[in-house]
Amino acid sequence: MKATFAIAAAAAIGGVSAGSVHHRHAHDAYRALEKKNYDNGTCGCTTIYSTYYGDATLSFPPVPTSTSTSTPAPVTATSTAVVVPTPIPQTCSTTGVYTFPATTITLTESTTVCAPSTTAVPSGTHTLGGVTTVVTTATTVVCPYATVSTSEGVTTSIVATTTYVCPSAGTYTIAPTTTTVTESTTVTVPVVTNYPPGTYTQPEVVTTVTKTNTVVYCPFDIPTPSASSTPVVVVPTSYPVAAPSSPAPAPSAPVVPKPKPSPSSYPTSPKPKPSGSLGGPAGQPWGISYTPYETSQQGGCKTASQVEQDIAAIAAAGIKTVRVYSTDCDTLVNVGGACSKHGVRMILGIFIDAPGCDAHNPSVAEQISAIKSWAKWDMVDLISVGNEAVFHGYCQPSELAALITKCKGEFSGYNGKYTTAETVNIWQQSDFSSAICGVVDVAGANAHAFFNTETDASQAGQFVKGQLDIVDAICKNAPGIILETGWPSAGQAMGLAVPGESQQAQAIKSIVKECGDKAVMFSLTSDQWKDGDTPCKCEQHFGVAKVLGISV
């Protein structure tokens, strides 16, 4: 965590300027998966999947060897036949400048296919994927699911249908995939993906590749309604995959020199701003942030049953909303299923952890696609596109505004609110507010009183309320909310800000009293996979479950 600290007590209490309280909080949505060098990068993956016409085959690209940074004349990549609007893998065998032409695919009817989903895991046996369903009584369900089939040494993913008897009310994961790995790696499992009718366009992509055998993924943009005269596209029900028994070398990320988008780069959503206000009852926290990661130093993904236990405990404590940051570790399926069962609302997130602040970023594209496929809009109150993405330098304000607008077009069935989460000093910058205020419904701020050296635990609520008042006044038609706030239970003192269990309890009580109904508490658990070697030595100690009476 990096922070600069306020000097004046007036700023601490009244929130005169938030520029001195911003920080870099080590809750990054992928850090738990990076703890053991898990590859969760935004361009490429450890196992490469391609779709070909004809019989399925296994493809094992060689290890990248060249580190040349020269830019030779344009060259030709190995392309795959495209029949469904999944991100297109393009293999660049040599260095150079590659131009991938625009591609258009039209579907005349809803199509269900297998698509690869990646998850970083430690060594051991893991149960992943499957179809999660919530039933309120004993019943029998029939549903499609993704599985693998091996014939003559070739492993392919297929869509099958199963009948499952649910003996009682509860959450059931049907037909998951079990895999065993001997070391930390990223595994890929098939998942069922649905595509509605429409025309899908993958725009032209120009990329400079500096290492051999780099794989570039080119995602598709939002579909438009299809015309009856458009020919039918043949859609296969399988694609070749490599069994995830051992890790493969990860290709290096190519540099993608493309112009910075402006808000006009994507179509503006015609939907009116949603009505209603966000928040919880006075004197109670609105919500709590949650990541489905193991809390140990090794990190890794929690199982569906572990996630359900967490969400059940949150609900039992009277907290009605959880904020998630991304879609990895089956967040939508596991957290969403548990929230549906226990009556908990959701704040979804699209996480940006590297430069590439648009829907052409494979990581962003994957998250957008996952949210569109999940589409449980009736339980979502808010979608946050980015978390401190401008603060970390991953986005320019205009780029972020364009991406938010893009998401509004992609999530056509969602009628709720949109925001982005930034520190208050970023919201106060005129170039940011002028670009963002017009595309968000609420102004989401992360505000941590602990990082103001003139604020002690008893004043935490006054400080956070002051930050809320600042951001509340920035956008004319977008009221302020707090999407992260907390206090550590251990670590090093930062001036008057002293960590400790009693101080944490005092600070959280103060925050809840002053503005808890407009604030998301950070976070459910204290996580050992976070960076413990920061100036405050506190990043691993922000869990507030005990203070809020949550039994985890």
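Residues numbered from 1 in each chain as written. Predicted model: local features only at pLDDT ≥ 70, side-chain atom pairs only at ≥ 80, totals over all residues. Heavy atoms only, no water.

Colleague: How should I be thinking about the overall build of the protein chain in this particular structure?
Modeller: Helix and strand counts for the protein chain stand at ten helices and 23 strands. Sequence-distant contacts, at least 24 apart, represent 78% of the contacts inside the protein chain between residues at least 6 apart. (Helix = DSSP H or I, 4+ residues; strand = E, 2+ residues; numbered from the N terminus. Contact = heavy atoms within 4.5 Å.)

Colleague: Which parts of the structure should I look at to understand the state of the cysteines?
Modeller: Two cysteines form a disulfide when their sulfur atoms are joined by a covalent bond. In this structure the tally under the stated criterion is four disulfides. Cysteine pairing in the protein chain follows 1-2, 3-4, 5-6, 7-8, where each cysteine in a disulfide is numbered by its order in the sequence. Residue Cys407 stays outside any disulfide, its sulfur separated by 9.7 Å from that of Cys357, the closest cysteine. You can call Cys407 buried: its relative accessible area is 0%. (Disulfide = S-S within 2.5 Å. Buried < 20%, exposed > 50% of the residue type's maximum accessible area, 1.4 Å probe, protein only.)

Colleague: What is the right way to read the side chain of Ser510 from this model?
Modeller: Within the secondary structure, Ser510 is located in helix H10 (residues 501-515). Judged by relative accessible area, which is 12%, Ser510 ranks as buried. Within the structure, Ser510 has its side chain in polar contact with the backbone nitrogen of Gly461 (distance 2.8 Å). Dropping the residues within four chain positions of it, Ser510 is found in contact with Ala457, Ser458, Gln459, Ala460, Gly461 and Gln462. (Polar contact = N/O pair within 3.5 Å; in protein donor to acceptor, adjacent residues only side chain to side chain.)

Colleague: Would you explain the sheet that holds strand E23 (residues 519-521) in this entry?
Modeller: Paired through backbone hydrogen bonds, the strands of a sheet run either parallel or antiparallel to each other. On the basis of which strands lie adjacent, the closed barrel formed by eight strands has the order E16-E17-E18-E19-E20-E21-E22-E23 and parallel pairing. Here the average twist between neighbouring strands, direction ignored, is 25°. For strand E22 (residues 480-485) and E23, the ladder comprises two bridges, and the chain directions are parallel. What sits directly across from Thr485, in E23, is Met521. Against the sheet, helix H9 (residues 460-472) touches strand E21 (443-446) and E22, its axis set at about 140° to E22. (Pairing = 2+ DSSP bridges. Axes fitted to C-alpha atoms, helices over the stretch in contact; angles between N-to-C directions.)

Colleague: Any chance you could explain the pairing of strand E19 (residues 380-387) here in plain terms?
Modeller: Consecutive residues of a regular strand have side chains that alternate between opposite faces of the sheet. The buried count for E19 comes to seven of eight residues, which makes it a mostly enclosed element. As defined by bridge partners, strand E18 (residues 345-350) adjoins E19 across five bridges and the pair is classed as parallel. By the bridge assignment, Ile350 is partnered in E19 with Val385. The parallel pair E18 and E19, bridged by helix H5 (residues 362-374), forms a crossover whose chirality is right-handed. A crossover links E19 with its parallel partner strand E20 (residues 417-423), the connecting element being helix H6 (residues 397-410), and its sense is right-handed. (Right-handed = clockwise from strand over helix to strand, strands pointing away.)

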